[in-house]
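A structural walkthrough
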Amino acid sequence: DAKTTQPTSMDCAEGRAANLPCNHSTISGNEYVYWYRQIHSQGPQYIIHGLKNNETNEMASLIITEDRKSSTLILPHATLRDTAVYYCIPNTGTASKLTFGTGTRLQVTL
Amino acid sequence: ETGVTQSPTHLIKTRGQQVTLRCSSQSGHNTVSWYQQALGQGPQFIFQYYREEENGRGNFPPRFSGLQFPNYSSELNVNALELDDSALYLCASSSSGTGVKNIQYFGAGTRLSVL
């Protein structure tokens, strides 16, 4: 599994964009980048995934660099409910295990 | 709501006892994965079941075992409980098949305390 590096914690003001970086320099060519988040006392929640093109859904946008060694998850208008631990997870996309690191703890404040 | 339900939500056991945790997967999903999450850590993969067979295992001893039933629900059994087994146990369901991109849907977990 590719190793990932994420900031331990980040703060964001409510209503502003939250940009969460992830370094995955050893990612394999067949690995997607998945993002999950875990709100306190809940199970992880899938957010978005991508291979090499930028992706957007109703929750977030994912920007992957051209060399695929890093990516950024963007929450365009963060709310208090977005306070959570965010995990970046390279994965081949088959039904295999997810390898969680320690993630980034995002605190959204008023 | 993911449609994945786990029971019980909380459990207290003593060292040496055995425990069974249960998971009902989301409708249409044929794969169940179990994870252990210690306090302050990310979830760690225990094993996965696909069509009632174990389909991958993480670095956990044999006293961690599982079952998947024909309706794709699953059980996690832990024998000879140790204090370090205290954790949140998460179940995730997903669908295996061509073109499916391994999106796992997690339950809220079972919090196990071993005294």
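Residues numbered from 1 in each chain as written. Chains lettered and ligands numbered in written order. Predicted model: local features only at pLDDT ≥ 70, side-chain atom pairs only at ≥ 80, totals over all residues. Heavy atoms only, no water.

Section: unusual backbone geometry
Residues and elements named next belong to chain B. The following threshold applies: Strands here mean DSSP runs of E at least two residues long; helices mean DSSP runs of H or I at least four residues long; both are numbered from the N terminus. Relative accessible area decides the class of each residue, using a 1.4 Å probe on protein chains only: under 20% of the type maximum gives buried, over 50% gives exposed, and in between gives partly exposed.
Residue Pro8 is bonded to the preceding Ser7 through a cis peptide linkage, with omega at -10°. Position of Pro8 relative to the elements: it lies in the loop between β1 (5-7) and β2 (10-13). Even without being glycine, Glu52 reaches a positive phi, approximately 70°. Relative to the assigned elements, Glu52 resides in the loop between β5 (44-50) and β6 (53-57). Despite not being glycine, Tyr72 shows a phi value in the positive range, around 75°. Owing to a relative accessible area of 28%, Tyr72 belongs among the partly exposed residues under this scheme.

Considering the pairing of strand β7 (residues 64-68) of chain B
All names here are of chain B. Filter applied, for reference: In this scheme, strands are said to pair when DSSP sees at least two bridges between them.
What you see with β7 is a clean split: Phe64, Gly66 and Gln68 sit on the buried side and Ser65 and Leu67 on the side with no burial. The sheet contact formed by β7 and strand β8 (residues 74-78) spans five bridges and is antiparallel. Each bridged residue has a counterpart across the sheet, and for Leu67 the counterpart in β8 is Glu75. Where β7 folds back on β8, the antiparallel hairpin that results is connected by five residues, among which Tyr72 adopts a positive phi of roughly 75°.

Remarks on the state of the cysteines
Residue and element names in this part refer to chain A. Selection rule: Two cysteine sulfurs form a disulfide in these notes if their separation is within 2.5 Å.
Tallying each qualifying case throughout the model produces two disulfides over all chains. With a sulfur-sulfur separation of 2.1 Å, Cys22 is cross-linked through a disulfide to Cys88. Measuring handedness by torsion sign, the sulfur bridge of Cys22 and Cys88 sits at about -75° and is left-handed. With Cys22 in strand β2 (residues 18-23) and Cys88 in strand β8 (residues 84-91), the pair connects residues that are 66 residues apart, well separated along the chain. A single burial state applies to Cys22 and to Cys88, both of which are buried. No disulfide involves Cys12; its sulfur sits 18 Å from that of Cys22, the nearest cysteine. Of the residues examined, Cys12 reaches a relative accessible area of 7% and is grouped as buried.

Describing the interface of chain A and chain B
Reports often express the size of an interface as the amount of accessible area lost when the parts come together. Let me state the cut-off plainly: It only takes one pair of heavy atoms within 4.5 Å for two residues to be counted as in contact. Buried area is understood as the total, over both parts, of accessible area removed when two parts are fitted together, assessed with a 1.4 Å probe. What counts as a salt bridge is simple: a side-chain nitrogen of Lys or Arg found within 4 Å of a carboxyl oxygen of Asp or Glu. Polar contact is the term for a pair of N or O atoms within 3.5 Å; when the atoms are in protein, one must be able to donate a hydrogen and the other to accept it, and sequence-neighboring residues count only if both atoms are side-chain atoms. In the scheme used here, Gly and all other residues not listed as nonpolar or charged are polar, with Ala, Val, Leu, Ile, Met, Phe, Trp, Tyr, Cys and Pro taken as nonpolar and Asp, Glu, Lys and Arg as charged.
At the interface, 20 residues of chain A touch 22 residues of chain B. For the pair chain A and chain B, the summed buried surface comes to about 1500 Å²; carbon and sulfur atoms form 55% of the total. Counting across the chain A and chain B interface gives zero salt bridges. Here chain A and chain B share three residue pairs in polar contact (both at pLDDT 80 or more) between them. Of all the secondary-structure elements, those providing two or more residues to the side of chain A that touches chain B are β3 (32-38), β4 (45-50) and β8 of chain A. In terms of residue count, the dominant contributor to the side of chain A that touches chain B is β3(A) (four residues). Tallied by class, the residues present in the side of chain A that touches chain B amount to nine nonpolar, ten polar and one charged.

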